[in-house]
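# Chain and residue survey
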Amino acid sequence: LKEAEEVIKRPKFRQAMLNAGLTADQIIQKIIASSHLVVGPRLNINICRDEKDNKFLECAENAEAESIVSGDEDLLSLKKYKNISIVRSSEILDLI
């Protein structure tokens, strides 16, 4: 959540928040309300260009997720991890 909060407060998201009539804190609260805790073993995945992003693959695998939605180019470059698709937010509507 810390990273989500840092990202949502970036200037490039300011206009989208204004258009939605929401503050960064309100968006974070919506994320929290629609999230669930995933507890699972450390999987020691090491395939991302940016090794800090491997934790997202571990979380998705432990959660048995179908998709990871991200704007991170290091994750997006993978396109897929096992049977988990990695897509931009603009693409997720085509999958659901």
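Below you will find a few notes about this structure. (Residues numbered from 1 in each chain as written. Predicted model: local features only at pLDDT ≥ 70, side-chain atom pairs only at ≥ 80, totals over all residues. Heavy atoms only, no water.)

What follows covers the overall build of the protein. Looking only at helices and strands, the protein has 6 helices and 3 strands in total. Along the protein, helices and strands appear, N-terminal first, in the series α-α-α-α-β-α-β-β-α. For the protein, the C-alpha atoms occupy an extent of roughly 40 × 25 × 25 Å along the three principal directions. Each of the 96 residues in the protein was classed as buried or not, and the buried ones make up 24%. Of the roughly 7,200 Å² of accessible surface on the protein, 52% is carried by carbon and sulfur atoms. (Helix = DSSP H or I, 4+ residues; strand = E, 2+ residues; numbered from the N terminus. Buried < 20%, exposed > 50% of the residue type's maximum accessible area, 1.4 Å probe, protein only. Areas by Shrake-Rupley, 256 points an atom, 1.4 Å probe, with all protein chains shown as cover.)

The next thing to look at is the environment of Glu61. Tracing the backbone shows Glu61 in helix H4 (residues 54-63). For Glu61, a relative accessible area of 25% puts it in the partly exposed group. In this structure, the C-alpha to C-alpha distance between Glu61 and Ser90, residues 29 residues apart in sequence, is 22 Å. Leave out the neighbours within four places in its chain, and Glu61 touches Leu43, Ile45, Tyr81, Lys82 and Ile84. For Glu61, the side chain forms a polar contact with the side chain of Tyr81, separated by 2.8 Å. (Contact = heavy atoms within 4.5 Å. Polar contact = N/O pair within 3.5 Å; in protein donor to acceptor, adjacent residues only side chain to side chain.)

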